[in-house]
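So you can see what is in the structure, the chains are spelled out below.
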Amino acid sequence: MTGEDSGAFQAGQPGLIVSVPEAEPAVRAWRDRLDPSARAGVPAHVTVLFPFLDESRTDDGAYAAIAEVTGRHRPFGARFEHCGRFPGILYLAPEPDLPFRRLTEAIADRWPQTPPFGGQFDEVVPHLTIAQGQDDAVLEEAEAGLRSRLPVTAPAPPVDLMVHDGTRRQQRAPFALR
């Protein structure tokens, strides 16, 4: 479910995320160690859409369209109080997750050529990845280490367009919710 987090980033490959800076104190050490996207400069986040249009196609018109789509959504908060798992992956689950799902659906509807996670999954599950590509013992250790640091409560900041520059992910533009 975390195709963005595979570690196989391509230069010019964008994604849209909601950063969750309030989670950093709880998750940073685990993500730095166990999540390749953290090492590539991606902050703690919930993915809205990845992959997105190639950087060569994200011009002023695309920026205006992203702003129009995100501007139709009200700001919302989320609480991260429990972990979830996909095979080999540990994540924090946002509650409620419906605002994240609606953002993803709205962006994917506007750009149907960019389905979430390349269309790999039947259902998009909003999540904040902590660890991936790890065996169950490592995931259990990380989950146990996180329990005392939860819950994390966060308002939804803007949707950020992040682009891999060949070495790290860089923020290109924030898009506010209404």
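Residues numbered from 1 in each chain as written. Predicted model: local features only at pLDDT ≥ 70, side-chain atom pairs only at ≥ 80, totals over all residues. Heavy atoms only, no water.

Asks: What is the right way to read the sheet that holds strand 2 (residues 45-49) from this model?
Replies: Sheets are built from strands that pair by backbone hydrogen bonding, the pairs being arranged parallel or antiparallel. The four strands lie next to each other as 2-1-7-8, forming an open sheet whose pairing is antiparallel. Both edges of this open sheet fall to strand 2 and strand 8 (169-175), since each of them pairs with a single strand only. On average, adjacent strands in this sheet sit at an angle of 35° to one another, irrespective of strand direction. Sheet strands in contact with helix 4 (residues 98-110) are strand 1 (14-19), strand 2 and strand 7 (159-164), and its direction is about 30° off that of strand 2. (Pairing = 2+ DSSP bridges. Helix = DSSP H or I, 4+ residues; strand = E, 2+ residues; numbered from the N terminus. Axes fitted to C-alpha atoms, helices over the stretch in contact; angles between N-to-C directions. Contact = heavy atoms within 4.5 Å.)

Asks: For this particular structure, what's the right way to read the nonpolar core?
Replies: Note that soluble globular proteins tend to have their nonpolar side chains buried in a common cluster. Of all hydrophobic cores here, the largest spans 47 residues; its most connected members are V27, F52, L92 and L128. The contacts of L128, once residues within four sequence positions are left out, are V20, A23, V27, R31, A44, H45, V46, F80, L90, Y91 and L92. The next biggest cluster of nonpolar side chains, apart from the first, holds five residues, and it includes F86, I89, A93 and V125. (Core = buried A, V, L, I, M, F, W, Y, C linked by side-chain atoms within 4.5 Å. Buried < 20%, exposed > 50% of the residue type's maximum accessible area, 1.4 Å probe, protein only.)

Asks: I keep staring at the sheet that holds strand 6 (residues 152-155) and nothing clicks. Help me out?
Replies: Here we have four strands laid out as an open sheet, ordered 5-4-3-6, and antiparallel in their pairing. Strands with a single pairing partner mark the edges of an open sheet, and in this sheet they are strand 5 (128-132) and strand 6. The average angle at which neighbouring strand axes cross in this sheet is 30°, direction not considered. Summarising the sheet, strand 4 (residues 89-95) and strand 5 pair through four bridges and their orientation is antiparallel. Looking at the pairing, L92 lines up with L128 of strand 5. Helix-sheet contacts for helix 1 (residues 24-34) involve strand 4, strand 5 and strand 6, and the interaxial angle to strand 5 is about 40°.

Asks: Would you mind going over the pairing of strand 2 with me for this structure?
Replies: Buried residues dominate strand 2, accounting for five of its five residues. Relative to strand 2, strand 1 is paired through four bridges, and the arrangement is antiparallel. Within strand 2, the residue paired with L16 across the bridge is L49.

Asks: Looking at this model, I keep getting lost on the packing of helix 1 against helix 5 (residues 136-147). Mind explaining?
Replies: Helix-helix packing is described using two parameters, namely the angle between the two axes and the distance between the axes. Two numbers describe how helix 1 lies on helix 5: the axes approach to 10 Å, and their chain directions differ by 165°. Judged by the angle between their axes, helix 1 and helix 5 are roughly antiparallel. In the crossing of helix 1 with helix 5, the sense of the turn from one axis to the other is right-handed. Packed against helix 1, whose contacting residues are A26, V27, W30, R33 and L34, the element helix 5 presents V138, E141, A142, G145 and L146 at the interface. The residue inventory of the contact of helix 1 with helix 5, partitioned by class, reads seven nonpolar, one polar and two charged. (Parallel < 35°, antiparallel > 145°, perpendicular 65-115°, else oblique. Left-handed = near helix turned anticlockwise from the far one by under 90°. Nonpolar A, V, L, I, M, F, W, Y, C, P; charged D, E, K, R; others polar.)

Asks: How should helix 4 be read in this particular structure?
Replies: Along an α-helix, residues three or four positions apart point the same way, because every turn accommodates 3.6 residues. Helix length check: helix 4, at 13 residues, gives a terminal C-alpha distance of 18 Å against a target of 18 Å (1.5 Å per residue), a fit within 8%. Listed as buried for helix 4 are P99, F100, L103, T104, A106, I107 and A108. Along its buried surface, helix 4 packs onto strand 1, strand 2, helix 3 (60-70), strand 3 (77-86), strand 4 and strand 7. (Expected span 1.5 Å × (residues − 1).)

Asks: For this particular structure, what's the right way to read empty space enclosed by the protein?
Replies: If you roll a probe as big as a water molecule over the atoms, it shows you where there is empty space left. This structure, assessed with the given rule, holds one cavity of 30 Å³ or more. Estimated volume of the largest cavity: approximately 40 Å³. For the largest cavity, the full set of lining residues is V18, S19, V20, F76, G77, A78, F80, F100, A154, P155, A156 and P157. Secondary structure elements with two or more residues in the lining of the largest cavity: strand 1, strand 3 and strand 6. (1 Å grid on protein atoms, 1.4 Å probe; cavity = no way out; pocket = protein on both sides within 12 Å on 5 of 7 lines; lining within 4 Å. Points joined across faces, edges and corners; volume = space filled by probe spheres on them.)

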